[in-house]
Amino acid sequence: MKSAAMMKMILAMSIFGSIGFFTVKTGVPASELVFVRCICATLFLGLCWFVTGQHKVEVWRKKDVLVTMLCGVFLVLNWVFLFKAFEEMSITIAISIYHLAPILVLIFGSIFLKEKMNVWSLLAVFVCFLGSVLIIGITGQTSFSDFVSSGFIWALLAAICYAMTMIIGKGIQGLSAYAMTFVQTSVGIVILLPFMDFNVFHHLSSTNWLFILGTGLIHTGIVYYLFFDSLRQLSTPVISALVFVDPAVAILLDTIIIGFRPSTLQVIGMILIFSGMLYTLVKPKKVT
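The structure presented is a predicted model; accordingly, all values stated were derived computationally and were not measured.

Engineer: I would appreciate a short explanation of the overall build of the protein in the present structure.
Structural biologist: Of the regular secondary structure elements, the protein holds 14 helices and 0 strands. Listed N to C, the secondary structure of the protein is α-α-α-α-α-α-α-α-α-α-α-α-α-α in terms of helices and strands. Looking at the protein as a whole, 49% of its 288 residues are labelled buried. Sequence separation of 24 or more characterises 89% of the internal contacts of the protein that already satisfy a separation of 6 or more. Accessible surface, the protein as shown: approximately 14,500 Å² in total, 72% of it carbon and sulfur.

Structure (structure tokens):
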């Protein structure tokens, strides 16, 4: 049973790793793409929720619903900012910065939850910061406009929103994963609707629509179903290790298919970022 769950998790992470490749092929801006993604996820996962009968045993508490809705705002902003980063910079660089999220969880946890950071945690933060500087290529000649247009800000905002989603999500106890995602993507539809420019969907090719629907149904609906279906059968260390399948696939697709070639400093930067991230996943337990 656990081997089947592991294969589902690997498949989910592998598919999600290709989302950057799909995104750049859709031909629509980030906000409109996330809107479609929210619709597809709400319909697909809502159907799974009802078919499995989980909706019959949900325990709805006001606090859980409100926290889930707030979590949904950060989740949707996370998607929008990540897709905007894909528009401005290479998938490899955007994904590397995006995976600063676990480090940001450490920082936010120390600020908002009063969790203590030890020397190794501070070292991991510094290593990731240094990696970010190298990966974006900041020098004395880098102007502020160059820095903003590089896409770094969008990728960092995506990582911040992802980290906030993880921190806020800790407070949700009573709702199933299906109910949480259904509420969150429904919130996404509501908050994005006023900003939609439906004209961007005109004159799209059949190939564009194929990638758009693929992003919505495959990368959101199917991936989240596989993820949730396997999540409760796997241990935390296994899940933590499989998290790296996502960026690995993204970077491979970016280099092999799209043809991105990172500089030596960018490679060093990526190694530093993922080394810092690895610490947050396998950090030793305190000896009591």
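And the narrative resumes.
Engineer: Just to check I follow, could you spell out the packing of helix 5 (residues 91-98) against helix 13 (residues 245-258) for this structure?
Structural biologist: When two helices pack together, their arrangement is given by the angle between the helix axes and the distance between those axes. Where helix 5 meets helix 13, the closest approach of the two axes is 8 Å, and the angle between their N-to-C directions is 165°. Comparing their axes, helix 13 and helix 5 come out roughly antiparallel. Crossing angle aside, the handedness with which helix 5 passes helix 13 is left-handed. Counted together, Ile91, Thr92, Ile95 and Ser96 of helix 5 and Pro247, Ala250, Ile251, Asp254, Thr255 and Ile258 of helix 13 form the full contact between these two elements. Considered class by class, the residues forming the contact of helix 5 with helix 13 number 6 nonpolar, 3 polar and 1 charged.

Engineer: Please clarify how the nonpolar core should be interpreted in this entry.
Structural biologist: Burial of nonpolar side chains together is a common tendency in soluble globular proteins. Among the nonpolar cores identified, the biggest contains 72 residues, and Val34, Phe86, Met89 and Ile97 are the most heavily contacted of them. Per element, the largest residue contribution to this core is 11 residues, and it comes from helix 4 (residues 62-88).

Engineer: Please explain unusual backbone geometry as it appears in this structure.
Structural biologist: A positive phi angle, near 65°, is found at histidine 203, a position not held by glycine. You can see histidine 203 is positioned in the loop between helix 10 (177-192) and helix 11 (206-231).

Engineer: Any chance you could explain the confidence of the model for the protein here in plain terms?
Structural biologist: Low-pLDDT portions of the prediction should not be read for the details of their coordinates. Of the residues in the protein, 90% have a pLDDT of 70 or more, and the chain-wide mean is 84. Here helix 8 (residues 144-149) stands out as the least confident element of the protein, with mean pLDDT 58; helix 4 is the most confident, with 92.

Basis of the calculations
Residues numbered from 1 in each chain as written. Predicted model: local features only at pLDDT ≥ 70, side-chain atom pairs only at ≥ 80, totals over all residues. Heavy atoms only, no water. Helix = DSSP H or I, 4+ residues; strand = E, 2+ residues; numbered from the N terminus. Buried < 20%, exposed > 50% of the residue type's maximum accessible area, 1.4 Å probe, protein only. Contact = heavy atoms within 4.5 Å. Areas by Shrake-Rupley, 256 points an atom, 1.4 Å probe, with all protein chains shown as cover. Axes fitted to C-alpha atoms, helices over the stretch in contact; angles between N-to-C directions. Parallel < 35°, antiparallel > 145°, perpendicular 65-115°, else oblique. Left-handed = near helix turned anticlockwise from the far one by under 90°. Nonpolar A, V, L, I, M, F, W, Y, C, P; charged D, E, K, R; others polar. Core = buried A, V, L, I, M, F, W, Y, C linked by side-chain atoms within 4.5 Å. pLDDT = per-residue confidence, 0-100.

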